[in-house]
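Below are the chains, spelled out letter by letter.
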Amino acid sequence: MFFLLPLPAAGRVALRRLVENRSWKRSFSTAEMTKGLVLGIYSKGKEDDVPPFTSAGESFDKSVSGKLRELLTISGPPLKAGKTRTFHGLHQDFPSVVVVGLGKKAAGFNEQENWHEGKENIRTAVAAGCRQVQDLEIAEVEVDPCGDAQAAAEGAVLGLYEYDELKQKQKIKVSPKLHGSGDLEAWQKGILFASGQNLARHLMETPANEMTPTRFAETIEKKLKAASGNTEVYIRPRSWIEEQKMGSFLSVAKGSEEPPVFLEIHYKGSSNTSEAPLVFVGKGITFDSGGISIKAAANMDLMRADMGGAATICSAIVSAAELNLPINLIGLAPLCENMPSGKANKPGDVVRAKNGKTIQVDNTDAEGRLILADALCYAHTFNPKLILNAATLTGAMDVALGSGATGVFTNSSWLWNKLFEASIDTGDRVWRMPLFEHYTRQVVDCQLADVNNIGKYRSAGACTAAAFLREFVTHSKWAHLDIAGVMTNKDEVPYLRKGMTGRPTRTLIEFLLRISHDETCASLNS
């Protein structure tokens, strides 16, 4: 028989008539309930008599003689964006069908929201539909492309992900596939983008005793080597870090028994292997206790994800390699723990960075900028086209923007525009923040050294942290992404489950894709 949720009393009578008048009669055993189907439906427009299905939804409804439309009509009010309704027994190939609300059919760029509303609606709706199928313990689902196969694939893969590797009881793994003969290339692109973000989520969510600096480096090495043969991976030990005179990085690492690692990854996708690379740098604190300036116990467990910068930039480079982008990329990740011990940094200590500048460490919990300082200095040695760093750097960034957007501090309007344009398509937004001299004065006015690792005042902590990093950058195209506010998800992003987000990996991938396209066009026109 049919099952649907919800079904008002008036609908049950009409439903019985539909059941009695079915043109085919077949019962389904539990074993046969092996494939689900997610179909989209739009909100009713001014010229519509009824809410319109997508083309895939319309075709399916015709294949079941209009029964899907009839059931939708009697089972409740029209579906709002992101809402679902499930029907069973409609089609022998798809024992379970989930209809999802897509919102307005013509939804596009929303200037107020700074994203493509239609794409976001698809991601949200498809994620909700796939989770319904997963709750039914069905291992395979076909997904309506809903007019944008990439967004649909992203919604499916992101929405189904959950870190449960260390649990004995795990949710059934659902394999999403494209329904129909739509744009398979766009679907596969969406799978790749979402899988890149899920790699970052995995790295960030894994407990710190499992995801040590060494384990992190080994995981990325394995992923990158599998993605492309045009790659090189260097897992640099403490002795190399010492040779590079990265005193700022080492000052943080020395507080932990866990050995530090400086991870350096290369992807050579350009036909000209000597072409200047783009360099990404990521903060890699695999656990942050705060050091001697120890954090409060509440929620300290979340600091297993304080390597989110390293996770996102490395995952983006792995994805770029899988896409075979025609550009050269380098990823740098200083990896260590920030722990209190007899060897740890003490408030008031002065350390020396790779470029010779001295740093007064007045707060050992402002350690991310210390390890990034040396990595940024090293980044310049590759004569790069641009330098971009990402870091879960400041609680002040979370206070300023929350989980709404990544804060971007940059000395290049060109670089900002490229990041902003990429974020519109991905829905993983960015927002430009100031790099005023006003903030620089607050970190260079220092009693014992060239620069202080915290600002003179409590205000604008994210801005003074960016100003600190700028003291170690001479490149004219540099961007600092403070991702502290987007590190976790409670319920703000509906197509991500609660936990670590892996944001803004997809925006970084889209950014690289656009840069590579621009460079390809430039070379063709030269």
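What counts and what doesn't
- Residues numbered from 1 in each chain as written.
- Predicted model: local features only at pLDDT ≥ 70, side-chain atom pairs only at ≥ 80, totals over all residues.
- Heavy atoms only, no water.
- Helix = DSSP H or I, 4+ residues; strand = E, 2+ residues; numbered from the N terminus.
- Rg over C-alpha atoms; globule rule 2.2 N^0.38 Å.
- Buried < 20%, exposed > 50% of the residue type's maximum accessible area, 1.4 Å probe, protein only.
- Contact = heavy atoms within 4.5 Å.
- Areas by Shrake-Rupley, 256 points an atom, 1.4 Å probe, with all protein chains shown as cover.
- Lys, Arg positive; Asp, Glu negative; His and termini not counted.
- Charge placed at Lys NZ, Arg CZ, Asp CG, Glu CD.
- Phe/Tyr/Trp six-rings, centres within 6.5 Å; stacked < 30°, edge-to-face > 60°.
- Lys NZ or Arg CZ within 6 Å of the ring centre and 35° of its normal.
- Expected span 1.5 Å × (residues − 1).
- Core = buried A, V, L, I, M, F, W, Y, C linked by side-chain atoms within 4.5 Å.
- Axes fitted to C-alpha atoms, helices over the stretch in contact; angles between N-to-C directions.
- Left-handed = near helix turned anticlockwise from the far one by under 90°.
- Nonpolar A, V, L, I, M, F, W, Y, C, P; charged D, E, K, R; others polar.
- Parallel < 35°, antiparallel > 145°, perpendicular 65-115°, else oblique.
- pLDDT = per-residue confidence, 0-100.
- Pairing = 2+ DSSP bridges.

### Notes on the overall build of the protein chain
Then, in step 1: The number of helices and strands found in the protein chain is 16 helices and 22 strands.
Then, in step 2: Its C-alpha radius of gyration of 25 Å places the protein chain within 12% of the 24 Å reference for a compact globule of 526 residues.
Then, in step 3: Over its C-alpha atoms, taken along the principal directions, the protein chain stretches across nearly 85 × 60 × 40 Å.
Then, in step 4: Burial status across the protein chain gives 58% buried among its 526 residues.
Then, in step 5: Sequence-distant contacts, at least 24 apart, represent 75% of the contacts inside the protein chain between residues at least 6 apart.
Then, in step 6: Accessible surface computed for the protein chain: about 22000 Å², of which carbon and sulfur atoms make up 50%.
Then, in step 7: Across the protein chain, the centroid of the 60 positively charged side chains sits 3 Å from that of the 60 negatively charged ones.

### A few points about the environment of Ala81
Then, in step 1: Locating Ala81 in the fold gives a position in the loop between helix 3 (67-74) and strand 3 (84-88).
Then, in step 2: Owing to a relative accessible area of 44%, Ala81 belongs among the partly exposed residues under this scheme.
Then, in step 3: The spatial distance from the C-alpha of Ala81 to the C-alpha of Gln244 is 54 Å, given a sequence separation of 163 residues.
Then, in step 4: Beyond its immediate stretch of four places on either side in the chain, Ala81 contacts Gly101, Leu102 and Gly103.

### Considering the packing of aromatic side chains
Then, in step 1: Taken as a whole and judged by the stated rule, the model has 9 aromatic pairs.
Then, in step 2: Judged by centre distance (5.5 Å) and plane angle (25°), the ring pair of Trp416 and Phe420 falls under stacked. Of this pair, Trp416 and Phe420 both sit in helix 13 (residues 413-426), 4 residues apart, which is roughly one turn of the helix.
Then, in step 3: Looking at Arg429, its charged tip hangs above the ring of Trp115, at a distance of 3.9 Å from the centre.
Then, in step 4: If you follow Lys477 out to its NZ or CZ, it ends over the ring of Trp414, 5.6 Å from the centre.

### Describing helix 4 (residues 117-135)
Along an α-helix, residues three or four positions apart point the same way, because every turn accommodates 3.6 residues.
Then, in step 1: Taking 1.5 Å of rise per residue, 19 residues should cover 27 Å, and helix 4 covers 27 Å from first to last C-alpha, within 8% of that figure.
Then, in step 2: Among the 19 residues that make up helix 4, 16 are buried, leaving the element largely enclosed by the rest of the structure.
Then, in step 3: Positive phi appears at Glu137, one or two residues downstream of helix 4, with a value of about 60°.

### Looking at the nonpolar core
Then, in step 1: Phe216, Leu263, Phe280, Leu388, Leu481, Phe511 and Leu512 are the most contacted members of the largest nonpolar core, which has 61 residues in total.
Then, in step 2: If one sorts the elements of this core by residue count, helix 10 (residues 308-322) sits on top with 9 residues.
Then, in step 3: Leave out the neighbours within four places in its chain, and Leu263 touches Phe216, Ala217, Ile220, Val233, Tyr234, Ile235, Cys314, Gly331, Leu332, Ala333 and Leu335.
Then, in step 4: One finds Ile241, Ala375, Ala465 and Trp478 within the second-largest nonpolar core, a separate group that totals 48 residues.

### A word on the packing of helix 5 (residues 149-160) against helix 6 (residues 184-205)
Then, in step 1: Put simply, helix 5 and helix 6 touch, their axes get as near as 7 Å, and they point 35° apart. Between helix 5 and helix 6 lies a crossing of right-handed hand. Across the interface between the two elements, Ala149, Gln150, Ala152, Ala153, Glu154, Val157 and Leu158 of helix 5 pack against Ala186, Trp187, Lys189, Gly190, Ile191, Phe193, Ala194, Ser195, Gln197, Asn198 and Arg201 of helix 6.
Then, in step 2: The residue makeup of the contact of helix 5 with helix 6, split by class, is 10 nonpolar, 5 polar and 3 charged.

### Digging into the packing of helix 7 (residues 213-227) against helix 10
Then, in step 1: Helix 10 packs onto helix 7 with a crossing angle of 15° between their chain directions and a minimal axis gap of 8 Å. What the angle tells us is that helix 7 and helix 10 run roughly parallel. Helix-helix and strand crossings are classified by hand; for helix 7 and helix 10 the assignment is right-handed. On helix 10, the residues that touch Phe216, Ile220, Lys223, Leu224 and Ala227 of helix 7 are Ala310, Ala311, Cys314, Ile317, Val318, Ala321 and Glu322.
Then, in step 2: Each residue belonging to the contact of helix 7 with helix 10 can be placed in one class, and the counts come to 10 nonpolar, no polar and 2 charged.

### Comments concerning the confidence of the model for the protein chain
Then, in step 1: With 93% of its residues at a pLDDT of 70 or more, the protein chain shows a mean pLDDT of 93.
Then, in step 2: The model gives residues 1-32 a pLDDT under 50, and that stretch makes 52 contacts with residues more than four places away or in other chains.

### Notes on helix 3
Then, in step 1: Looking only at helix 3, the buried set comprises Lys67, Leu68, Arg69, Leu71 and Leu72.
Then, in step 2: Within two residues after helix 3, Gly76 carries a phi angle of roughly 150°, on the positive side.

### Digging into the side chain of Asn198
Then, in step 1: Along the chain, the position of Asn198 falls in helix 6.
Then, in step 2: The exposure class assigned to Asn198 is buried, which follows from its relative accessible area of 10%.

### Some details on the sheet that holds strand 19 (residues 451-452)
Then, in step 1: An order of 14-15-19 is seen for the 3 strands of this open sheet, with the pairing classed as mixed. Because the sheet does not close on itself, it has two edges, and the strands there are strand 14 (349-352) and strand 19.
Then, in step 2: Sheet topology note: the strand 14/strand 15 (residues 358-361) ladder contains 4 bridges and is antiparallel. Along strand 15, the bridge assignment pairs Asp349 with Val361.

### Some words on the environment of Gly159
Then, in step 1: Note on placement: Gly159 falls in helix 5.
Then, in step 2: Overall, the relative accessible area of 0% leaves Gly159 in the buried class.
Then, in step 3: Separated by 338 residues in the primary sequence, Gly159 and Arg497 have C-alpha atoms spaced 6.7 Å apart.
Then, in step 4: In this structure Gly159 touches Ala127, Arg131, Glu154, Tyr495 and Arg497, once residues within four positions along its chain are discounted.

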